[in-house]
Amino acid sequence: MNRKIAIGVLCYGDKESNPARFEVLTKCIKALEKIKRDDVYLFCFDNNSCSETQKFLNSQSHFDHIFRMKNNFYDFGAMIALNLIAEKINSKYVLFLNDDCYLYKENSILDGMEFLDHHYECGAIKLIKFEVNSSAAYNKAKGSKSPNAQRMYNTISSEALKARGPFSINDSDFYKSNWHWHSMPVLCRREVYNEILPKKDMEPLQSVEGYMMKKYNNLGMEIGFLDGGAFDHMIHPNKSVRVELMKKGKLQSPNAVIIKYNKVCSSLRKSSSFRNL
């Protein structure tokens, strides 16, 4: 198998405990049907979801494969899987998504790959919702409550945000910047992703993202972003459910778990889907 891009979708749903969150999940995953093409490998990394979520995933024919884990590996597990799968299918690009990222501009992924094909000083492109002429609405440091809010400076270097552009591909306007890495959704060159991804046991979520931020910054590469974005990071309904799931033993606390790198690799490689790629 040889595809231009590998797209991995991290999924975890517990419909009984959080039906509103399940609705977000279904809406976001259904929207991904619009990006399925012959040169796109689209897979789901399911973190031991409930049976209702698994049934829903089985009904979605646009996934090439669904990798079901017996453990919850949080975001780090899916990132490891994306890197291993991309290497095996020899894809040029990777894109990591959560199941709460709603796609509203499907051609941006193709446009983004074309942009990166010609701008080698950029290792990746941020595709999260962001509007250049309304940047204040996304400024996390100024109190923005948007789920797409970000810091309008480089978190690692503390430098003010500098951007050049736009560089137009079809109806997509891209900018080059000195922004920091952001976990998702970011379209990335495969070799860059492999370089910045931890190859060791780590705490998930902020720890992994912080590590990758520093590694990306050390590369000295620019990072692109798309004016208007392509994915809306949707608001999590009833966030307190995570606490309840942890109390019931269905979910480990991210502050108390270390994701074992080799365990994730072993779990993935044991699957027939991975062996047959």
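Definitions and limits used
Residues numbered from 1 in each chain as written. Predicted model: local features only at pLDDT ≥ 70, side-chain atom pairs only at ≥ 80, totals over all residues. Heavy atoms only, no water. Helix = DSSP H or I, 4+ residues; strand = E, 2+ residues; numbered from the N terminus. Buried < 20%, exposed > 50% of the residue type's maximum accessible area, 1.4 Å probe, protein only. Polar contact = N/O pair within 3.5 Å; in protein donor to acceptor, adjacent residues only side chain to side chain. Contact = heavy atoms within 4.5 Å. Expected span 1.5 Å × (residues − 1). Pairing = 2+ DSSP bridges.

### As for the side chain of N83
Part 1: Residue placement: N83 occurs in helix α3 (residues 74-89).
Part 2: Assessed through its relative accessible area of 5%, N83 is described here as buried.
Part 3: Side-chain polar atoms of N83 contact the side chain of N194, separated by 3.1 Å.
Part 4: Leaving out residues up to four positions away in the same chain, N83 has contacts with Y193, N194, L197 and K199.

### Concerning α3
At 3.6 residues per turn, the α-helix brings residues three or four places apart onto the same side.
Part 1: Taking 1.5 Å per residue, 16 residues should reach 22 Å; α3 reaches 24 Å between its end C-alpha atoms and fits that length.
Part 2: Burial analysis of α3 places 14 of its 16 residues in the buried class, which makes it a mostly covered element.
Part 3: Immediately beyond the C-terminal end of α3, within one or two residues, lies N90, with a positive phi of roughly 60°.

### So, the pairing of strand β10 (residues 222-226)
Working note: regular strand, side chains alternate between the two faces of the sheet.
Part 1: Here β10 lies mainly inside the structure; 5 of its 5 residues are buried.
Part 2: Burial of the side chains of β10 extends over both faces: E222, G224 and L226 are buried on one face and I223 and F225 on the other.
Part 3: By the bridge criterion, 4 bridges tie strand β6 (residues 122-126) to β10 in an arrangement that is parallel. In the sheet register, C122 faces β10, and the bridge partner there is E222.

### Re unusual backbone geometry
Negative phi values dominate among residues other than glycine, just as trans dominates among peptide bonds.
Part 1: Following G165, the chain continues into P166 via a peptide bond in cis, with omega recorded as 5°.
Part 2: Residue placement: P166 occurs in strand β7 (residues 163-169).
Part 3: Residue P185 follows M184 across a cis peptide bond; omega there is -10°.
Part 4: Among the structural elements, P185 can be located in the loop between β8 (172-177) and β9 (186-189).
Part 5: Although it is not a glycine, S158 adopts a positive phi angle of roughly 65°.
Part 6: With respect to the helices and strands, the residue S158 is situated in the loop between β6 and β7.
Part 7: What makes S158 exposed here is its relative accessible area of 58%.

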